[in-house]
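Here is what each chain is made of, one letter per residue.
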Amino acid sequence: MALTTTIGVTVDGIYTKTADLSTAADNLSKRYGAYLATGTGAGKADLRFADTRTLAASATEDIDLAGSLVDIYGATLTFAKVKAIVIAAAAGNTNNVVIGAGTNPWITALNSTGTITLRPGAFIMLGAGAADATTYAVTAGTGDILKITNSAGSTSVSYDIVIIGSSA
């Protein structure tokens, strides 16, 4: 199977201020991103996982990046490196989605106790540049768990997750 991926974040905005006789405008258009060809080296990826997931009230799930995820074709995915990850909490959630910490945590993006809280409708993206050969390593058995937690006991939460990476 071949995988080509474009990852990126774009910020566009116009900041205006009206004066007595004119309106000043500051235009900002900035894009950060990378194109990843098929493969396992720098600027390449060969694995993709994408899913919408739901956690019951107060529930936690441990996403094993090295051997428990299955792609849309039924193949088991074993990430050695993560090139990009996007997690987006559903806007209709009442509770927050909390990312990180846990046992055998994937710590190359967060330290072992660090967490990120996504409020309803919030999202986060982490991407490695195309020239980055190191990227975000996954260590099977000791550093491969991405913990996702529903922050409260009142209702379930849903979130989308996309992981792009390589098998070597």
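Quick summary incoming for the structure in this document. Fair warning: this is a prediction, and the values are worked out from it, not measured in the lab.

## Describing the environment of Arg48
Within the secondary structure, Arg48 sits in strand β4 (residues 47–55). In contact with Arg48, not counting residues within four places along its chain, are Leu3, Asp71, Ile72, Leu77, Ile163 and Ile164.

## Concerning unusual backbone geometry
Despite not being glycine, Ala101 shows a phi value in the positive range, around 65°. Even without being a glycine, Thr135 presents a positive backbone phi close to 50°. Of note, Thr135 is situated in the loop between β11 (123–127) and β12 (136–137). Residue Thr135 is classed as buried on the basis of its relative accessible area, which comes to 9%.

## What to know about the sheet that holds strand β13 (residues 145–150)
Reading across from one edge, β5-β13-β9-β10 is the order of the four strands in this open sheet, with antiparallel pairing throughout. In the strand order of this sheet, the two ends are held by β5 (60–64) and β10 (115–118), each with one partner. Across the sheet, the axes of successive neighbouring strands diverge by a mean angle of 20°, strand direction being ignored. In terms of strand pairing, β5 meets β13 through five bridges, oriented antiparallel. Paired with Glu61 across the two strands is Ile148, which belongs to β13.

## Quick word on the nonpolar core
Leu65, Phe79, Ile87, Leu146, Ile148, Ile161 and Ile163 are the most contacted members of the largest nonpolar core, which has 26 residues in total. Listing elements by their share of this core, those giving two or more residues are β4, β6 (66–70), β8 (81–89), β9 (97–100), β13 and β14 (157–166). With residues up to four places along the chain from it excluded, the contact list for Phe79 reads Leu47, Phe49, Leu65, Ala66, Leu69, Val138, Ile163, Ile164, Gly165 and Ser166. Ranked by size, the runner-up nonpolar core spans seven residues in total, among them Leu3, Ile7, Ala34 and Ala84.

## With respect to the layout of surface pockets
Taken as a whole, the largest pocket holds about 300 Å³ of empty space. Taken together, 14 residues make up the lining of the largest pocket; nearest its centre are Met1, Leu3, Arg48, Asp71 and Tyr73. The element that contributes the greatest number of residues to the lining of the largest pocket is β4, accounting for five residues. Of the volumes computed, that of the second largest pocket is approximately 210 Å³. If you trace the second largest pocket, you find 18 residues lining it, with Ile99, Trp106, Ala109, Leu110 and Ile116 closest to the centre. Contributing elements (two or more residues each) for the lining of the second largest pocket: β8, β9, β11 and β13. No other element matches the three residues that β11 contributes to the lining of the second largest pocket.

Thresholds, definitions, all that
- Residues numbered from 1 in each chain as written.
- Predicted model: local features only at pLDDT ≥ 70, side-chain atom pairs only at ≥ 80, totals over all residues.
- Heavy atoms only, no water.
- Helix = DSSP H or I, 4+ residues; strand = E, 2+ residues; numbered from the N terminus.
- Contact = heavy atoms within 4.5 Å.
- Buried < 20%, exposed > 50% of the residue type's maximum accessible area, 1.4 Å probe, protein only.
- Pairing = 2+ DSSP bridges.
- Axes fitted to C-alpha atoms, helices over the stretch in contact; angles between N-to-C directions.
- Core = buried A, V, L, I, M, F, W, Y, C linked by side-chain atoms within 4.5 Å.
- 1 Å grid on protein atoms, 1.4 Å probe; cavity = no way out; pocket = protein on both sides within 12 Å on 5 of 7 lines; lining within 4 Å.
- Points joined across faces, edges and corners; volume = space filled by probe spheres on them.

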